[in-house]
Amino acid sequence: MNLFALDQLGTPAALAAALAEAHVVSPGVDVDQIPVGTGGSEALRVVFNHRWEYDKDPIAFLRAAHAAAEAGAELELILLGERFETLPEGSAEWLQKTAAMTVHQGFAGDRAHYAELLGSADLVASTAQHEFFGISAIEGLAAGCSPLLPKRLSYPDVLPEEWHAAGLYADDADLTACLVGAAADPAPLRATHRRERLRAVA
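Residues numbered from 1 in each chain as written. Predicted model: local features only at pLDDT ≥ 70, side-chain atom pairs only at ≥ 80, totals over all residues. Heavy atoms only, no water.

Let us look at the pattern of salt bridges. Per the counting criterion, the structure on display carries seven salt bridges. The salt bridge partner of Glu76 is Arg45, with a shortest N-O separation of 2.9 Å. A residue pair is termed long-range when its members are at least 10 positions apart, and Glu76 in strand E2 (residues 75-79) and Arg45 in strand E1 (residues 44-48) qualify at 31 residues. In this structure, Glu76 and Arg45 share a single accessibility class: buried. (Salt bridge = Lys/Arg side-chain N within 4 Å of Asp/Glu carboxyl O. Helix = DSSP H or I, 4+ residues; strand = E, 2+ residues; numbered from the N terminus. Buried < 20%, exposed > 50% of the residue type's maximum accessible area, 1.4 Å probe, protein only.)

Turning our attention to the sheet that holds strand E4 (residues 123-125). Reading across the sheet, the six strands line up as E3-E2-E1-E4-E5-E6 and stay open at both edges, with parallel pairing between neighbours. Single-partner strands in this sheet number two, and they are strand E3 (102-105) and strand E6 (168-169). Pairing of strand E5 (residues 146-150) with E6, which is carried by two bridges, proceeds in the parallel orientation. Counted as the bridge partner of Leu149 is Leu168 from E6. Across the sheet, helix H2 (residues 58-70) touches E1, E2 and E4, and the angle it forms with E2 is around 165°. (Pairing = 2+ DSSP bridges. Contact = heavy atoms within 4.5 Å. Axes fitted to C-alpha atoms, helices over the stretch in contact; angles between N-to-C directions.)

Residues Leu44, Leu75, Leu77 and Leu179 are the most contacted members of the largest nonpolar core, which totals 26 residues. Of all the secondary-structure elements, those providing two or more residues to this core are E1, H2, E2, helix H3 (91-97), E4 and helix H8 (172-184). If near-sequence neighbours (up to four positions away) are discounted, Leu44 is found in contact with Glu74, Leu75, Glu76, Asp122, Leu123, Leu179, Ala182, Ala183, Pro186, Leu189 and Arg190. The next biggest cluster of nonpolar side chains, apart from the first, holds 15 residues, and it includes Val31, Ala115, Leu118 and Ala143. (Core = buried A, V, L, I, M, F, W, Y, C linked by side-chain atoms within 4.5 Å.)

With respect to the helices, strands and loops of the structure, Ser154 is situated in the loop between E5 and helix H6 (155-158). Assessed through its relative accessible area of 10%, Ser154 is described here as buried. Excluding its chain neighbours within four sequence positions, the residues that come into contact with Ser154 are Glu131, Phe132, Phe133 and Gly134.

Viewed as axis vectors pointing N to C, H2 and H8 meet at an angle of 50°, and their least axial separation amounts to 9 Å. Of the possible angle classes, the one that applies to H2 and H8 is oblique. With respect to the hand of their crossing, H2 and H8 are arranged in right-handed fashion. Across the interface between the two elements, Ala60, Arg63, Ala64, Ala65, Ala67 and Ala68 of H2 pack against Asp172, Leu175, Thr176, Leu179 and Val180 of H8. In terms of residue class, the contact of H2 with H8 is built from eight nonpolar, one polar and two charged. (Parallel < 35°, antiparallel > 145°, perpendicular 65-115°, else oblique. Left-handed = near helix turned anticlockwise from the far one by under 90°. Nonpolar A, V, L, I, M, F, W, Y, C, P; charged D, E, K, R; others polar.)

For Asp57, which is not a glycine, the phi torsion comes out positive at approximately 50°. Within the secondary structure layout, Asp57 lies in the loop between E1 and H2. Classification of Asp57 by relative accessible area gives buried; the value is 17%. Positive phi values are uncommon outside glycine, yet Leu153 reaches one of about 55°. Topologically, Leu153 is positioned in the loop between E5 and H6.

Scope: geometric values only; no functional claims are made or implied.
Spelled out as structure tokens, the structure:
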């Protein structure tokens, strides 16, 4: 049923009956060109593949990564996502603070390079304050990345419940703790069967 047919329903009861049969259809995510990767090779590799705007809160991600490194975690960061002329306030400072652990920064040149970078990561992280669905996170899962997503917005609905304990964090301090914990032993995140299961989730 489309919106133009709603005025033909007549009564509130007819409208309620029509709505009872409605369902939410997730947006299409093209994962065919994103093969499952093997993850990092040494230090925990984390990809942040979201637009660099205030609603995706890249500063929170950089702050957490920096705090994790200060606590002794060995990290490599891949910073993707579209950037605009004006970046969120504080971006330059935090990019400088995390420069030593950043192995890629900037928009990927094409879809194949983007997929390659995703596949080289162990974790796909989000610090979004506003999210309708989470296409970037789904693309990371398609590449076999383990999720590190906030326990809010659409993420608890998009991520199957079996992955909630390992894949959702409560707040910024929990995000830092998760990074420290994963960095202590990233090998399980690189296991082929785990990465293929995450691909299946996507």
